[in-house]
Amino acid sequence: MPYQKKVVIIGSGSAGYTAAIYAARANLEPLLFGGVSMGGQLMITSDVENFPGFPEPVMGPELMERMMKQCQRLNVTIIPELVDNVDLSKRPFKLWTTEGKEADAEALIVATGANAKLLNIPSEKLLMGHGVSACATCDGFFFKGKEVLVIGGGDTAMEEANFLTKFATKVTVVHRRDSLRASAIMQDRAKKNPKIAWIWDTGVEEILGNGHVDGAKLKNLKTNAITDVKCDGVFVAIGHNPTTGFLKGQVKLDKEGYIETDGRTRTSVQGVFAAGDVMDTRYRQAVTAAGTGCMAALEAERFLAGHE
């Protein structure tokens, strides 16, 4: 027997939990499918210093646990299963999980996030949060007076490199090609920055360090020469993959696969809303995700009030 709900939320990061909190306070009795790895990207984030209300740094997993407990206190139904199939052709919308659970929803909030593309080398995973990062805005502050590498050649890499020069003494961009893919204005800005150095035609073989990054093993892709470079941090900036595979053909996505919204979290399907990194290609912050989660819940409440 499917769950019969006014509001179903897919995703358990900052956006999903916040949407659930606001929906619960509106007496909508929401159901939240949290996925297999509850908590989203913040579960692999160490110190969070920029989330309002925490004068001392808070660990990402602790912040997510607090949000989940707040949802539980408000009697949000939380199921740690992955939604892999939906039918949004008519209301109530239908959802199915990989574990066989079903739900019918009068309104749906998608907050499935986006995953940073990574290098997929063992040392990267081992040192993630210990000198390896995929978010300069989140972690740049911790590299004051240090030297870091930025891996990538697109707009994301240029933006991260420029931002990191506010803290690091030297930022070296490592790119697999001999020219950048970034837009002309982003390239120009980075190339004029005296703190940014460049290593071309080069990939990362290994990130070095015991407990914390202290260097990287680089390989020139034209000569195959291997070089060890000292650094205190490695920022991987090769893009993101939004978690929208299960939505293709159901809602309008942009060319990168992000859900398109109208600025009020409303998607191309009436009654379906999107919040957090799954629709945000620019900011990707816990606090902005939480803000759009709030917006989505309020919009869902208004939608339901007008369609009773």
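These notes cover the structure that comes with them.

### Describing the nonpolar core
Counting residues in each nonpolar core, the largest one holds 34 residues, and the members touching the most others are Leu63 and Ile109. Listing elements by their share of this core, those giving two or more residues are β1 (3-10), α1 (14-25), α2 (60-73), β8 (102-110) and α7 (286-306). Leave out the neighbours within four places in its chain, and Ile109 touches Val7, Val8, Ile9, Ile10, Ala19, Phe273, Ala296, Ala297 and Ala300. Core analysis: the next-biggest nonpolar cluster, separate from the first, contains 24 residues, Ile79, Leu88, Leu95 and Leu253 among them.

### Focus on the pairing of strand β7 (residues 93-97)
Here β7 shows a clear split, with Phe93, Leu95 and Thr97 buried on one side and none of Lys94 and Trp96 buried on the other. Between strand β6 (residues 83-87) and β7, which follow one another and run antiparallel, lie five residues. Looking at chain direction, β7 and β8 are connected through four bridges and run antiparallel. Among the inter-strand pairings, Phe93 is bridged to a residue of β8, identified as Ala105. The turn joining β7 and β8, which pair antiparallel and follow one another in sequence, is formed by four residues; a positive phi near 95 degrees is taken by Gly100.

### Regarding the state of the cysteines
Scanning the entire structure with this criterion turns up one disulfide. A sulfur-sulfur separation of 2.1 Å characterises the disulfide bridge that pairs Cys135 with Cys138. Taking the sign of the S-S torsion, 70 degrees for the link of Cys135 and Cys138, the bridge is right-handed. When its relative accessible area of 15% is taken as the criterion, Cys135 is described as buried.

Conventions adopted
- Residues numbered from 1 in each chain as written.
- Predicted model: local features only at pLDDT ≥ 70, side-chain atom pairs only at ≥ 80, totals over all residues.
- Heavy atoms only, no water.
- Core = buried A, V, L, I, M, F, W, Y, C linked by side-chain atoms within 4.5 Å.
- Buried < 20%, exposed > 50% of the residue type's maximum accessible area, 1.4 Å probe, protein only.
- Helix = DSSP H or I, 4+ residues; strand = E, 2+ residues; numbered from the N terminus.
- Contact = heavy atoms within 4.5 Å.
- Pairing = 2+ DSSP bridges.
- Disulfide = S-S within 2.5 Å.

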